[in-house]
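Residue-level listing of the chains:
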Amino acid sequence: DIQMTQSPSSLSASVGDRVTITCRAGQSISNYLHWYQQKPGKAPNLLIHAASSLQTGVSSRFSGSGSGTEFTLTISSLQPEDFATYFCQQSHSTPWTFGQGTTVDIK
Amino acid sequence: QVYLQESGPGLVKPSQTLSLTCTVSGASISTGYYSWSWVRQHPGKGLEWIGYIYYSGSTYYNPSLKSRVTMSIDTSKNQFSLRLNSVTAADTAVYYCVRDGGIQHWLSLDVWGQGTTVTVSS
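Residues numbered from 1 in each chain as written. Chains lettered and ligands numbered in written order. Predicted model: local features only at pLDDT ≥ 70, side-chain atom pairs only at ≥ 80, totals over all residues. Heavy atoms only, no water.

K.L.:
What's the story with unusual backbone geometry in this structure? I'm lost.
P.N.:
With glycine set apart, most residues show a phi of negative sign, and most peptide bonds adopt trans. In this model, S7 of chain A is joined to P8 of chain A through a cis peptide bond whose omega is -5°. When you line up the elements, P8 of chain A lands in the loop between β1 (4-7) and β2 (10-13). A cis amide bond links T94 of chain A with the next residue in sequence, P95 of chain A, at an omega value of -5°. In this fold, P95 of chain A is placed in the loop between β9 (85-90) and β10 (97-98). Even without glycine at this site, A50 of chain A takes up a positive phi of about 55°. For A50 of chain A, the position within the fold is in the loop between β5 (45-49) and β6 (53-54). Taking relative accessible area as the criterion, A50 of chain A reaches 6% and is therefore assigned buried. Phi is positive for N78 of chain B, which is not a glycine, with a value near 55°. (Helix = DSSP H or I, 4+ residues; strand = E, 2+ residues; numbered from the N terminus. Buried < 20%, exposed > 50% of the residue type's maximum accessible area, 1.4 Å probe, protein only.)

K.L.:
Please clarify how the pattern of salt bridges should be interpreted in this entry.
P.N.:
A pair can form between side chains of opposite charge whenever their charged atoms are brought close. Counted by the stated rule, this structure contains seven salt bridges over all chains. The partner of R24 of chain A in a salt bridge is E70 of chain A, and the shortest N-O contact between them spans 3.1 Å. Of the two residues, R24 of chain A sits in strand β3 (residues 19-25) while E70 of chain A sits in strand β8 (residues 70-75), which places them 46 residues apart along the sequence. By relative accessible area, R24 of chain A is classed as partly exposed at 40%. The partner of R40 of chain B in a salt bridge is E48 of chain B, and the shortest N-O contact between them spans 2.7 Å. Looking at R40 of chain B, the relative accessible area reads 5%, which means it is buried. What emerges from the salt-bridge pattern is a single network uniting R40, E48, R68 and D91 of chain B. (Salt bridge = Lys/Arg side-chain N within 4 Å of Asp/Glu carboxyl O.)

Written out as structure tokens, the structure is:
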């Protein structure tokens, strides 16, 4: 299985802050890396696919970058609705695997 | 707009079989372009991908659960299903049915059901 490691596990930030979350894969996964946002009691929601392609309808303050084994999700200016947990996921090799999640809460 | 809705018992006894169904609306499950997955989330924890099925019936199961999992698909009802046998308390989780967006979207999981909580307890 390809292990996905996110950092940090949690962070506290203020509205307007720039936030960066990192995801590292245990082996190269090309661009088969996706980011999801999950709010309490809700299903995850796809934000970015293929490392950097913004899903339709997702705010442009979200961006993704990276390739191979290291990837980042950036929120350019944190908004109140962005406080949530973020997961990365690889679909390069089965079984598909997720990072452990990064919780973004209010400072 | 594509919607997925899980259904099934919320309480299952230890050693019995967990059975869930996902009803797809807004799209045909027979479109060979997509696979249909199950993902679970233990309370307060991360996400675990259980496996997928194609409309043809072809499946892939996570090796961690493979010995206990069966997925099936009913194209006439536009539904797919999950069976997990010999359940224990460790199978207590929220179960999501999910569609992948096809190779065009690099197999990302683009449509999720709302999730259903399954508790294993006597």
